[in-house]
Structures are given as structure tokens and as C-alpha cells.
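Structural description and commentary
Here are the chains, one letter per residue:
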Amino acid sequence: MKFFSTCLAASALLVSAVQAADKYVFAHIVMGNTAAHNTTTWANDISLAKAAGIDAFVLNIGFGDANNEIQVANAFSAAETLGSTFKLFFSFDYLGGPRGAWPVTNSDADSVTGFINKYKGSAAYFRYSGNPMVSTFEGTGNVADWAPGGAIRSVTGALYFVPDWTSLGPSGAAAKSANFEGAFSWDMWPNGATNKTADSDKAWVSALGSSKSFMMGVSPWFFHSALPGEEWVWRGDDLWADRWQQVLAVNPTFVEIVTWNDYGEAHYIGPLPPTSEIPTNSPQYVNNMPHDSWRDFLPYYIAAYKGTPLTPTRDQMQYWYRLSPSAGGSPCNVNGNAVSQGQTTVDPNTVMEDGVFFSAILTADATVTVQIGTAAAVSFAGKKGINHWSMPFGGRTGETTFSVVRSGSVVKSGKGAAIGSGSTLSSGCVNYNAWVGSF
């Protein structure tokens, strides 16, 4: 396994500005995981997301989901009460709903046009180029529904439609471009024991051309543990830091963070919920595994993407890792890659690296040290700005300590959850989820 050290200096992320025109960052919300929410919970989620620099939640709704009516209403009520500066818009999930693909209209208003028309007039509904923005999760069997003047738009009026039709591929989706204003690619994780590059994103930008916008997906992790269905991992590891570098290289119109609350796939950046909102089989992997700290650097990443870079005013670190090595337990039916995604499965322990992954925002050049247990601390040379590194477990166990050192003195430090030699779960299964911390 290859571990590396990469420094993203101020010139890369905090000074070099991309063009700032009309760029937005969204976070994907799985409405099926919000059953225990009320307006207070929604207000807290909105406040946390807004503080991180996120502009809107993308409300992913599946046809026939019992949460849709009440939780969509709660979300809009909370956003409106908070002043509607934080926005919401719909993503119609054509694969995940209990009643299948979304209908254009329906007698009980549980339909594409029903939801759009009910909420498009809200001050909290996100608009782009003056029109309500709408997305999807797949729906390639319903492409014609979205045609200009077609079944949906003839009822809702003008829309800014940015679907995820990733299964068609860049050229296949581009062939349907008369039916959309932009496209969203769900291809944001690597295949097998490799690291994700921006090649697929650049292929989408090229296929779409200058007349259509591109929404790029950014995700920190992937471990699908929800049942029924396959259990699998795609490599996370350095992904959170890598993808924000790639955002600057691709320079898309929109970025969608996947996700705020998909606990069954372990890429949540929102707060831990009650167990009732976590899918079947996933609580053992999610409980006591916070991801909130992944939000800490978002104001810097987002500002750089929008062309208004921030100057760091305090030293910060964020760090993430699994709590035991892959060999410390049983995979328990988890594969690397997924047959359902058209992939050849591999050993998950070759996909996930046994290491600590950490980033630092530094106000000036400094040494960053990482210590696992009582083993000797390992030093990394950091530059002013955002830095990222990784370090293998190397057989070391115990509590982790992360420090920023200047002139031989510790300026700031924080401790992380202990790394053990074996599984932390009573089932003996390897927990492929990440524990995330920061200071």
C-alpha cells in the first residue's frame, strides 16, 4: 500500500482564486433517514450546514416514502423561520422509493409536479438563473418527462434541471442534453484499490460543453452496510482532501456533497442521529463514530472554490481513520466493489488502507506530529495554508495525539479515539467506517 504526504500550500487553496461567478455548494439529504426529525432538528441541521459554508440542502425523496410529506414540510418551515437565506431543492430518487419511479402527476399529489408546485414559491426554494432548481438520482427511463414543454414543465413552468443520469455516461447523457440545463455525476469514488482522480469529472465537462452546467460530487467515504442488499466498500482514505483539490482543478458550476446523512453508506458529514434514523444493520458501524469534524475545513475549501479565499486565523487539524486494522476482524460479507454496480468484487482489505489521514490549516509554517499510543511521534513539515498527509498504522495501537509545533513548542494539540489491534464490535466484524476528529 502506498502512503503519501502532500502539502497544499496557501498558493494552492487559500490564495489562488478561481472565477467567483455564481458558484454554489449543496449537501445531499436522504429524506428516508429523517423520520425522527422535527422543525427544531431541521433548524439545527440548517444552522450547522450554513456555518460550514453550504448554500442549500438537496432533499432526496423516493416515491412513496412515508417521510416525504411531513419532513419536507418541516424542512421548509425551519428554513423559512430562519429567514430563508439557506435554501432547499428537490432531487427525485427514481431508484430508492418503495413505489418505484416517480410519476409526473398523481391523484394524491405525491408526484414530481405535485412537490415542485407546492414548494417552488417558497422563499427558501433554491433558484438558479431565475428558475427553481431540480435534480434526480437516476431516472433514465423517464428522460422524456423532463423535455422542454413536456409532461413536467408544462405543469410546473420553467425549471433549472440538473439530473444525475450517470448510468448513461458523459456522452450518453450529453445526447439527452435538450432535456436538461446541467448534469450531475455520481461518479465520486474510486474502483477497487485505487485513488479517485478527476478524469471522469473532466470527461463530463468536455461532453457537456460550455452551454450546460456541471455539478461535481464530493464525498469523504463509502461503506455500504445497510440491509437488505450488498455490503461493500469503496476507498475513502484520502478522498475528502483529494476531492477538494480536484474541485479547484475542474471548477464546476455546482458542488454536491454526498452526503449530510446517509448513515447506511457512511459518508455522512452531519451530526449523529438517534438509532431510529439509521438503516437496518448499520447502527453497529455508525454509533459512536462521529463525522462532524469533516465540516471544519469546508469554509476554506468552499471559499477557495468560489474565488474568495480565506486567510487562516488559527491553526486547525482534522483527522480520520478506522479504529482497527483490516486484519483485526472478519469482513462479515463486506466486499470491495459491488456486483450491483457492474463491478468485479475484490478483497475489501486491499481497498481500505490501514492508516491515519489528517489535514492541517496553518497560520504559518510549522511541524505537525502524529503519535499513536506510546510509539514515537512522527513529524511532517507543514506550510502556511492547507496541508494533507497520511500515515500507516504500522502495528501501532493506542490513543492518537496530533500536534502543531513551532520553534520546538507545541502550539496546539488534540487527541483522537484509540486504535486497537482487533475489532471494536461485539460481532467481531471489521468496522470499515471512519472515526473523525479535529481541533
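Not measured: the values here are computed from a predicted model.

What counts, and where the lines are drawn
- Residues numbered from 1 in each chain as written.
- Predicted model: local features only at pLDDT ≥ 70, side-chain atom pairs only at ≥ 80, totals over all residues.
- Heavy atoms only, no water.
- Helix = DSSP H or I, 4+ residues; strand = E, 2+ residues; numbered from the N terminus.
- Buried < 20%, exposed > 50% of the residue type's maximum accessible area, 1.4 Å probe, protein only.
- Polar contact = N/O pair within 3.5 Å; in protein donor to acceptor, adjacent residues only side chain to side chain.
- 1 Å grid on protein atoms, 1.4 Å probe; cavity = no way out; pocket = protein on both sides within 12 Å on 5 of 7 lines; lining within 4 Å.
- Points joined across faces, edges and corners; volume = space filled by probe spheres on them.
- Nonpolar A, V, L, I, M, F, W, Y, C, P; charged D, E, K, R; others polar.
- Pairing = 2+ DSSP bridges.
- Axes fitted to C-alpha atoms, helices over the stretch in contact; angles between N-to-C directions.
- Arc of directions from axis to C-beta.
- Contact = heavy atoms within 4.5 Å.
- Core = buried A, V, L, I, M, F, W, Y, C linked by side-chain atoms within 4.5 Å.
- Disulfide = S-S within 2.5 Å.
- Expected span 1.5 Å × (residues − 1).

Here we look at the side chain of His388
Among the secondary structure elements, His388 is positioned in strand β18 (residues 385-392). Looking at His388, the relative accessible area reads 1%, which means it is buried. Reaching out from His388, the side chain makes a polar contact with the side chain of Ser359 at a distance of 2.8 Å.

So, empty space enclosed by the protein
A water-sized probe, rolled over the atoms, reveals where empty space remains. Enumeration according to the criterion identifies one cavity of 30 Å³ or more in this entry. Counted as a void, the largest cavity has a volume near 40 Å³. Taken together, Pro190, Asn195, Lys196, Arg235, Gly236, Asp238, Leu239 and Asp242 make up the lining of the largest cavity. Along the lines of polarity and charge, the residues of the lining of the largest cavity split into two nonpolar, two polar and four charged.

Describing the sheet that holds strand β20 (residues 409-419)
The strand order across the open sheet built from four strands is β17-β16-β19-β20, with neighbouring strands paired in antiparallel fashion. The open sheet is flanked by β17 (378-382) and β20, the only strands paired with a single partner. Adjacent strand axes in the sheet meet at a mean angle of 20 degrees, parallel and antiparallel pairs treated alike. The sheet contact formed by strand β19 (residues 398-406) and β20 spans eight bridges and is antiparallel. Counted as the bridge partner of Phe402 is Gly414 from β20.

Re the sheet that holds strand β14 (residues 334-336)
If you walk across this open sheet you meet the three strands as β10-β11-β14, and the pairing is mixed. Of all strands in the sheet, those bounded by a partner on one side alone are β10 (223-224) and β14. The pairing of β10 with strand β11 (residues 231-233) spans two bridges and is classified as antiparallel. In the strand pairing of β11, Phe223 is matched with Val233.

Here we look at helix α4 (residues 112-119)
Among all positions in α4, only Val112, Thr113, Phe115, Ile116 and Tyr119 are buried. Along α4, the residues classed as buried sweep out an arc of 165 degrees about the axis, all on the same side. Where the residues of α4 are buried, they touch β3 (56-62), α3 (68-81), β4 (87-93), β6 (131-137) and α5 (153-156).

Thoughts on the nonpolar core
With 105 residues, the main nonpolar core has Phe57, Phe92, Trp146 and Trp244 as its most contacted residues. Among the elements that line this core, the one with the most residues is helix α8 (residues 239-250), at seven residues. Look past the residues within four positions of Phe92 in its chain and what remains in contact with it is Ile61, Trp102, Ser111, Val112, Phe115, Ile116, Val134, Ser135, Thr136, Phe137 and Trp146. Tyr321, Leu323, Ala360 and Phe393 belong to the second largest nonpolar core, which has 26 residues in total.

Considering the state of the cysteines
Counted according to the given criterion, the structure contains one disulfide. Across a sulfur-sulfur distance of 2.1 Å, Cys332 and Cys429 are joined as a disulfide pair. Given an S-S torsion of about -90 degrees, the disulfide between Cys332 and Cys429 has left-handed geometry. Residue Cys332 is located in the loop between β13 (316-321) and β14, and its partner Cys429 is located in the loop between β20 and β21 (435-438); the two are separated by 97 residues in the primary sequence. A relative accessible area of 7% means that Cys429 is categorised as buried.

Things to note about α8
It helps to recall that an α-helix has 3.6 residues per turn; residues three or four apart then point in one direction. For α8, which comprises 12 residues, the first-to-last C-alpha distance of 16 Å matches the rise-based estimate of 16 Å (1.5 Å per residue) to within 8%. For α8, the buried fraction is high: 10 of the 12 residues fall into the buried class. Taken residue by residue, α8 has Leu239, Trp240, Ala241, Asp242, Arg243, Trp244, Gln246, Val247, Leu248 and Val250 as its buried positions.

Some thoughts on the pairing of strand β16 (residues 366-372)
With five of seven residues buried, β16 is to be regarded as a mostly interior element. As judged from the five bridges shared by β16 and β17, these two strands associate in the antiparallel manner. Of the residues in β17, the one forming a bridge with Val370 is Val378. Hairpin connection between β16 and β17: a loop of five residues separates the two successive antiparallel strands, and Gly373 in this loop has a positive phi of roughly 60 degrees.

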